[in-house]
Amino acid sequence: MSDDLIFRTPVPARRSSEDWTAIVDRLIDTLSDALGVPLRVEDRDVIDDVALTCRVATTRPIAGPLGIGLTATIGFEVIERRPVINAFVFLFAEETRLALRGAGESYAELVYEPGRWRLARWVEDEYGEFTGRPAPRRDGAAPQTGLSTEDGVV
């Protein structure tokens, strides 16, 4: 799928379940490619058929004994009649969430533009909005929510 469905104008008042599945697949595939790691869907929520929140995580640790993993929350909403897509990415070493120097917790914000993700900024989680984010699961198994990208069910 290309980005035509995501950036279609005029923006549809509502999107079908099939549209959301295709959009989620596209966003996860492109984010996985951009970050260079395989990602799996942990959870997704479509709000009133017009907005989306989707949580993803690495499927296994990377960087050998460092055990680096990540989780991310992808958001899709329409602002001023334009789709706005971003991902808040949280890095972990084993169970420890990594942060900017001097910050208790932090995350990277990426923005999706047609065909690519770009790093918007690194952000200190100064209000604790994302405190307590769980580390990615280490077993590589699909989460128990019944969501899986491998069998086409999202």
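So, here's what we can say about the structure. Here the structure is a predicted model, which is why all the values come from computation and not from measurement.

### Topic: the overall build of the protein chain
When its secondary structure is counted, the protein chain shows one helix and seven strands. Seen in sequence order, the protein chain has helices and strands lined up from the N terminus as α-β-β-β-β-β-β-β. Taken across its 154 residues, the protein chain has 42% of its residues classed as buried. Intrachain contacts of the protein chain at a sequence separation of at least 6 include 46% that bridge at least 24 residues. Entry remark: accessible area of the protein chain is about 8700 Å², with carbon and sulfur atoms responsible for 49%.

### What to know about the side chain of arginine 15
Take arginine 15: it is sitting in the segment before α1 (17-35). Within the local environment of arginine 15, its side chain forms a polar contact with the backbone oxygen of leucine 5, the two atoms lying 2.7 Å apart. Looking at arginine 15, its side chain comes within polar contact range of the main-chain oxygen of isoleucine 6, at 3.5 Å. With residues up to four places along the chain from it excluded, the contact list for arginine 15 reads Leu5, Ile6, Trp20, Ile23, Asp49 and Phe76.

### With respect to the environment of isoleucine 47
Here isoleucine 47 is to be found in strand β1 (residues 39-47). Looking at isoleucine 47, the relative accessible area reads 34%, which means it is partly exposed. Along the primary structure isoleucine 47 and phenylalanine 76 are separated by 29 residues, whereas in three dimensions their C-alpha atoms are 9.9 Å apart. Not counting residues within four places of it along the chain, the set of residues in contact with isoleucine 47 comprises Leu52 and Thr53.

### Let's talk about a nonpolar patch on the surface
Side chains of Leu100, Leu119 and Trp122 sit close together on the surface and give an oily, nonpolar patch of about 280 Å² of accessible area. Within the fold, tryptophan 122 resides in strand β7 (residues 116-124).

### What about the side chain of threonine 73?
With respect to the secondary-structure elements, threonine 73 resides in strand β3 (residues 68-79). One polar contact links threonine 73 to arginine 133, side chain to side chain, over a distance of 2.7 Å. With near-sequence residues (within four places) excluded, threonine 73 lies in contact with Thr53, Cys54, Arg55, Asn86, Ala87, Phe88, Phe90 and Arg133.

### Structural notes on the packing of aromatic side chains
Given two aromatic rings, one states the distance between the centres and the angle between the planes to describe the pair. Enumeration over the complete set of coordinates arrives at eight aromatic pairs. Residues tyrosine 112 and tryptophan 117 carry aromatic rings whose centres are separated by 5.0 Å and whose planes lie at 50° to one another, so their mutual orientation is tilted. The exposure class assigned to tryptophan 117 is buried, which follows from its relative accessible area of 9%. Taken together, the ring pairs connect Phe88, Phe90, Tyr107 and Phe130 into an aromatic cluster.

### A short note on the nonpolar core
Within the largest apolar cluster, 25 residues are counted, with the highest numbers of intra-cluster contacts made by Leu27, Leu31, Ile74 and Trp117. For this core, the secondary structure elements donating two or more residues are α1, β1, β2 (51-58), β3, β4 (82-93) and β6 (106-113). In this structure, leucine 27 is in contact with Ile6, Leu52, Ile74, Phe76, Ile85, Tyr112 and Trp117, ignoring residues within four places of it in sequence.

What counts, and at which threshold
- Residues numbered from 1 in each chain as written.
- Predicted model: local features only at pLDDT ≥ 70, side-chain atom pairs only at ≥ 80, totals over all residues.
- Heavy atoms only, no water.
- Helix = DSSP H or I, 4+ residues; strand = E, 2+ residues; numbered from the N terminus.
- Buried < 20%, exposed > 50% of the residue type's maximum accessible area, 1.4 Å probe, protein only.
- Contact = heavy atoms within 4.5 Å.
- Areas by Shrake-Rupley, 256 points an atom, 1.4 Å probe, with all protein chains shown as cover.
- Polar contact = N/O pair within 3.5 Å; in protein donor to acceptor, adjacent residues only side chain to side chain.
- Patch = residues over 30% accessible without salt bridge, like charges linked within 9 Å, V, L, I, M, F, W, Y side chains within 5 Å.
- Salt bridge = Lys/Arg side-chain N within 4 Å of Asp/Glu carboxyl O.
- Phe/Tyr/Trp six-rings, centres within 6.5 Å; stacked < 30°, edge-to-face > 60°.
- Core = buried A, V, L, I, M, F, W, Y, C linked by side-chain atoms within 4.5 Å.

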